[in-house]
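One letter stands for each residue in the lines below.
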Amino acid sequence: MIHQVDAIVNLAATTRFDERYDIALGINTLGVLNVLDFAKRCAKVNIFVQVSTAYVCGEKSGLIMETPYRMGETLNGTTGLDINHEKKLVEEKLDQLRVTEASPETITQTMKDMGLTRARTYGWPNTYVFTKAMGEMIVGAKRGNLPLVLIRPSIITSTIKEPFPGWTEGIRTIDTLGVGYGKGRLTCFLGDLNAIADVMPADMVVNSMLVSMAAQAGKQKETIYHVGSSLRNPLKNEKLPQIAYHCFTTKPWTNKEGKLVRVRNIEILNSMASFHRYMAIHYLIPLKGLALLNIVFCKLLDNSLKDFHRKINFAFRLVDLYQPYLFFRGVFDDTNTVKLQGIVLKTEAETEMFYFDPKTINWDEYFVNIHVPGLVKYVF
């Protein structure tokens with residue numbers, strides 16, 4: 001039965017995989033500690049909810065359990081991870097950059113590179129999941145007797161019902177591909193078609209948070225909930241290009257000039273080797289040709305050459321960031337999350353109101369009739 005709960009919920013996060021390390025560390029890790037300190041000073045708080053991500057597991061495969069990360073724990077066994085030391089490294093690097101009067105662009109890129117380097121030193125694929133993992137560590141170590149819920153959602157997509165179907169803000173991980181394809185800019189799909197795309201509508205994630213608060217309030221323990229679909233209702237990557245083709249051929253996107261964008265069947269690249277071959281044939285060889293023309297025409301094509309080069313570098317960087325998820329072979333155990341429904345939702349009305357069972361989702365219907373139309377309406 002759902003009842004009133006006095007809770008602190010930390011939703012603050014920066015979700016860019018290659019965010020500046022100083023910003024990601026400040027929000028995803030140290031920001032958690034600030035909110036926790038505030039919660040401890042509140043007289044009536046009986047639950048603290050930290051929203052993390054299922055992908056704190058890095059690139060693990062197989063069944064991934066709902067278990068915590070303890071202070072200093074790493075994915076690759078490398079020792080020496082210390083959050084205070086990470087903070088000190090960031091401060092020292094920023095001081096060095098200021099002394100040398102580095103440009104804002106240089107500072108931003110240096111901080112981004114530093115985040116990726118530090119993450120990969122300890123086995124995490126990017127800055128986002130690394131700093132979220134350290135956020136889990138710090139809240140687990142510093143919570144004292146405060147009851148703690150760690151919500152680990154997988155890839156969050158548009159709402160399935162509330163506040164209305166298809167609502168979303170910004171471009172999420174999986175939507176980057178959908179937007180690029182629908183606008184006619186994406187001609188290939190990189191990924192393992194047999195791998196599972198673990199997605200979960202945003203309103204289902206919110207409902208699981210609300211129910212977890214009611215279940216764990218006042219129990220003075222730490223409980224972790226994976227909120228995803230890979231175990232109970234798996235969606236294979238092979239579905240995504242099929243759905244995208246169906247949606248954007250049935251209802252093509254209209255561009256700024258009022259013209260319909262016609263999409264083609266997307267080319268599937270099922271390995272990094274095939275991606276590099278594709279890029280070499282379609283982009284790197286033409287880039288070399290453009291460079292030769294630029295020499296012939298006395299550098300009149302300098303701007304075009306730089307723009308082409310920038311776009312290619314951007315594509316390689318995106319693939320570098322997303323590759324762990326395009327070939328992800330893990331499945332998230334959700335035993336604790338399934339138990340929630342039986343513990344708290346006692347009536348049919350409560351189950352209907354606080355829905356979060358992924359087995360109820362028809363993926364074809366959801367993507368074709370809800371998610372893609374929502375993407376076109378609120379993101380395109």
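- The name given to the chain in an unreviewed UniProt entry is Fatty acyl-CoA reductase, with the source organism recorded as Raphanus sativus.
- Per UniProt, the chain carries the Catalytic activity (unreviewed entry) text "a long-chain fatty acyl-CoA + 2 NADPH + 2 H(+) = a long-chain primary fatty alcohol + 2 NADP(+) + CoA".

Observations concerning the nonpolar core
Next, step 1: Membership of the largest hydrophobic core comes to 85 residues, with the highest contact counts inside it found for Trp124, Phe130, Met134 and Phe367.
Next, step 2: Ranked by residue count, the leading element in this core is helix α4 (residues 127-142), at 8 residues.
Next, step 3: Beyond its immediate sequence surroundings of up to four residues, Trp124 is in contact with Val56, Gly58, Glu73, Thr74, Leu75, Leu81, Ala119, Val129, Phe130, Ala133 and Met137.
Next, step 4: The next biggest cluster of nonpolar side chains, apart from the first, holds 13 residues, and it includes Leu287, Ile312, Val319 and Phe327.

A short note on empty space enclosed by the protein
Next, step 1: A complete count under the given rule lists 1 cavity of 30 Å³ or more for this structure.
Next, step 2: Here the largest cavity defines a volume of roughly 250 Å³.
Next, step 3: Along its surface, the largest cavity is lined by 17 residues, and Ile174, Leu177, Gly178, Leu240 and Ala244 are the ones closest to its centre.
Next, step 4: At the level of elements, α5 (175-182), α7 (239-250) and α12 (363-378) are the ones that each hand at least two residues to the lining of the largest cavity.
Next, step 5: The element that contributes the greatest number of residues to the lining of the largest cavity is α7, accounting for 5 residues.
Next, step 6: Each residue belonging to the lining of the largest cavity can be placed in one class, and the counts come to 14 nonpolar, 2 polar and 1 charged.

Side note on the state of the cysteines
Should the sulfur atoms of two cysteines be covalently bonded, the bond is a disulfide.
Next, step 1: Taken as a whole, this structure holds 0 disulfides when the rule is applied.
Next, step 2: Unpaired in terms of disulfides, Cys188 finds its nearest cysteine sulfur in Cys247, a separation of 19 Å.

Describing the pattern of salt bridges
Next, step 1: All told, the structure shown has 10 salt bridges when counted by the stated rule.
Next, step 2: Between Lys112 and Asp18 there is a salt bridge, with its nearest N and O atoms 4.0 Å apart. Of this pair, Lys112 sits in helix α3 (residues 104-121) while Asp18 sits in the loop between β1 (8-10) and α1 (21-40), and the two are 94 residues apart along the sequence. The exposure classification of Lys112 matches that of Asp18, with both residues buried.
Next, step 3: The partner of Arg118 in a salt bridge is Glu86, with the nearest N and O atoms 2.6 Å apart.

Overview of the side chain of Ser230
Next, step 1: Assignment of secondary structure puts Ser230 in the loop between β8 (222-227) and α7.
Next, step 2: A polar contact of 2.5 Å, which involves the side chain of Ser230, links it to the side chain of Asp198.
Next, step 3: With near-sequence residues (within four places) excluded, Ser230 lies in contact with Ile196, Asp198, Val331 and Phe332.

What about the pairing of strand β2 (residues 48-51)?
Next, step 1: What you see with β2 is no split at all: Phe48 and Gln50 on one side and Val49 and Val51 on the other are buried throughout.
Next, step 2: Pairing geometry for β2 and strand β4 (residues 148-153), over 4 bridges, is parallel. Within β4, the residue paired with Val51 across the bridge is Ile151.

Looking at the layout of surface pockets
Next, step 1: In this structure, the second largest pocket encloses a volume near 220 Å³.
Next, step 2: The wall of the second largest pocket is formed by 13 residues, among which Lys161, Thr351, Glu352, Tyr355 and Thr360 lie closest to the centre.
Next, step 3: Classifying every residue of the lining of the second largest pocket gives 7 nonpolar, 3 polar and 3 charged.

Focus on the packing of α1 against helix α2 (residues 83-99)
Next, step 1: Two elements in contact, α1 and α2, have axes separated by 10 Å at closest approach and are oriented at 150 degrees. On the basis of the axis angle, α1 is roughly antiparallel to α2. In this structure, α1 meets α2 at a crossing whose hand is left-handed. For the pair α1 and α2, the contacting residues are Tyr21, Asp22, Leu25, Thr29 and Leu30 in the first and Ile83, Glu86, Lys87, Val90 and Leu94 in the second.
Next, step 2: When grouped by side-chain class, the residues that make up the contact of α1 with α2 number 6 nonpolar, 1 polar and 3 charged.

Reading the values: the criteria
Residues numbered from 1 in each chain as written. Predicted model: local features only at pLDDT ≥ 70, side-chain atom pairs only at ≥ 80, totals over all residues. Heavy atoms only, no water. UniProt positions renumbered as here; feature names shortened; annotations may be inferred. Core = buried A, V, L, I, M, F, W, Y, C linked by side-chain atoms within 4.5 Å. Buried < 20%, exposed > 50% of the residue type's maximum accessible area, 1.4 Å probe, protein only. Helix = DSSP H or I, 4+ residues; strand = E, 2+ residues; numbered from the N terminus. Contact = heavy atoms within 4.5 Å. 1 Å grid on protein atoms, 1.4 Å probe; cavity = no way out; pocket = protein on both sides within 12 Å on 5 of 7 lines; lining within 4 Å. Points joined across faces, edges and corners; volume = space filled by probe spheres on them. Nonpolar A, V, L, I, M, F, W, Y, C, P; charged D, E, K, R; others polar. Disulfide = S-S within 2.5 Å. Salt bridge = Lys/Arg side-chain N within 4 Å of Asp/Glu carboxyl O. Polar contact = N/O pair within 3.5 Å; in protein donor to acceptor, adjacent residues only side chain to side chain. Pairing = 2+ DSSP bridges. Axes fitted to C-alpha atoms, helices over the stretch in contact; angles between N-to-C directions. Parallel < 35°, antiparallel > 145°, perpendicular 65-115°, else oblique. Left-handed = near helix turned anticlockwise from the far one by under 90°.

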